[in-house]
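Structural characterization, general
Read off the chains here:
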Amino acid sequence: ELINTVEEITPEIEALAGGKGSKLGTGGMSTKISAARHAAKNGIDMVIANGRNPDILYDIVEGKPVGTRFLSNKR
């Protein structure tokens, strides 16, 4: 199930991330959650989305719900 927005990375969010990545990716979801935590601490929103279609970047910039947006801690 897609989570559109994460305002805070809680233990429950971390538990959803699971373990290592697949043979298609270079890092598991837990690595992505770690990157989102680092971005948030530095005032940067981050989106995790399916990167197979590069045009998805336009949707992300327009704020469309195409992935999971992690909101920064400095709003």
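First, a word on what this report is: a plain description of the structure on this page. (Residues numbered from 1 in each chain as written. Predicted model: local features only at pLDDT ≥ 70, side-chain atom pairs only at ≥ 80, totals over all residues. Heavy atoms only, no water.)

A few words on the nonpolar core. Counting residues in hydrophobic clusters, the biggest one holds nine residues: Val6, Ile13, Ala17, Ile33, Ala36, Ala39, Met46, Ile48 and Phe70. Contributing elements (two or more residues each) for this core: α1 (11-17), α2 (29-41) and β2 (46-49). Considering each element in turn, this core owes the most residues, three residues, to α2. Residues within four places of Met46 in sequence aside, it is in contact with Lys32, Ala35, Ala36, Ala39, Thr68, Arg69 and Phe70. (Core = buried A, V, L, I, M, F, W, Y, C linked by side-chain atoms within 4.5 Å. Buried < 20%, exposed > 50% of the residue type's maximum accessible area, 1.4 Å probe, protein only. Helix = DSSP H or I, 4+ residues; strand = E, 2+ residues; numbered from the N terminus. Contact = heavy atoms within 4.5 Å.)

Let us look at the pairing of strand β3 (residues 67-70). Judged from the two bridges that link them, strand β1 (residues 5-6) and β3 form a sheet pairing that is parallel. Note on β3: the bridge partner recorded for Val6 is Phe70. Looking at chain direction, β2 and β3 are connected through four bridges and run antiparallel. When the bridges of β3 are listed, Met46 appears paired with Phe70. (Pairing = 2+ DSSP bridges.)

Bear in mind that shape data such as this cannot, by itself, settle questions of function.
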